[in-house]
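Architecture at a glance
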Amino acid sequence: MDLIFENKQRNIKAYKCYNVIQKTNNIGNILLNGLIHWDTISDKEVQNIKNIITNNSIGFKGYAITDAIVMQNDVKDIHYYAYFNDENIELWYITGVYDIVMCDELKFNDLLFFLQA
């Protein structure tokens, strides 16, 4: 993992994982289906997505934003993201306590911008 930025005032660190997932492979298809159909997929599919994104960590809840699937723990100090860019899916790990105000147009890069400010 590479440290992409650190906001020392807010005690937030963002890391980008080295591995990238191709949208066209099996794991990419599972994640893409989850992003598109988050509100209607089964609990088993959610668990499968959680295992992919968090590397089988327990105690995480998830939701989708415009271009990412989000997994966070109950304390909201550990966040995993599967970010869907134009070519592939990037995995991100962000530490620090913050809340996201949900809106239909929230994009991952906007979130990164707000966390750095």
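A few points on the structure.

With that out of the way, let us pick up the pattern of salt bridges. With the rule as written, the count across this model stands at 2 salt bridges. For Glu90, the salt bridge identified is with Lys16, shortest N-O distance 3.4 Å. In this pair, Glu90 sits in strand E6 (residues 88-95) while Lys16 sits in strand E2 (residues 12-22), placing the two residues 74 residues apart along the sequence. For Glu90, a relative accessible area of 11% gives the class buried. With relative accessibility at 27%, the residue Lys16 sits in the partly exposed group.

Glancing now at the nonpolar core. With 35 residues, the main nonpolar core has Leu31, Ile69 and Tyr81 as its most contacted residues. Secondary-structure elements contributing two or more residues to this core are E2, helix H1 (26-36), helix H2 (43-54), strand E3 (60-65), strand E4 (68-73), strand E5 (78-84), E6 and helix H3 (108-116). Ignoring sequence-local partners within four residues, the contact set of Ile69 consists of Leu31, Gly34, Leu35, Trp38, Ile49, Ile53, Tyr63, Ala64, Tyr80, Tyr81, Ala82 and Phe84.

The strand order across the open sheet built from 6 strands is E1-E2-E6-E5-E4-E3, with neighbouring strands paired in antiparallel fashion. Two strands close off the open sheet at either side, each with one partner strand: strand E1 (2-7) and E3. Between one strand and the next, the sheet's axes are offset by a mean angle of 20°, whatever the strand orientation. Here E5 pairs with E6 via 7 bridges, running antiparallel. In the strand pairing of E6, Tyr81 is matched with Trp92. Along the sheet, H3 makes contact with E1, E2, E3, E4, E5 and E6, crossing E1 at roughly 50°.

A few words now on the packing of aromatic side chains. This structure, assessed with the given rule, holds 7 aromatic pairs. Note on Tyr80 and Tyr93: the rings are 5.1 Å apart at their centroids and 50° apart in plane angle, and the pair reads as tilted. Linking Tyr80 in strand E5 with Tyr93 in strand E6, this pair joins segments that are 13 residues apart in sequence. Across this residue pair, the class does not change: Tyr80 and Tyr93 are buried. Measuring from ring centre to ring centre gives 5.8 Å for Phe113 and Phe114, while their planes differ by 65°; the resulting arrangement is edge-to-face.

Reading the values: the criteria
Residues numbered from 1 in each chain as written. Predicted model: local features only at pLDDT ≥ 70, side-chain atom pairs only at ≥ 80, totals over all residues. Heavy atoms only, no water. Salt bridge = Lys/Arg side-chain N within 4 Å of Asp/Glu carboxyl O. Helix = DSSP H or I, 4+ residues; strand = E, 2+ residues; numbered from the N terminus. Buried < 20%, exposed > 50% of the residue type's maximum accessible area, 1.4 Å probe, protein only. Core = buried A, V, L, I, M, F, W, Y, C linked by side-chain atoms within 4.5 Å. Contact = heavy atoms within 4.5 Å. Pairing = 2+ DSSP bridges. Axes fitted to C-alpha atoms, helices over the stretch in contact; angles between N-to-C directions. Phe/Tyr/Trp six-rings, centres within 6.5 Å; stacked < 30°, edge-to-face > 60°.

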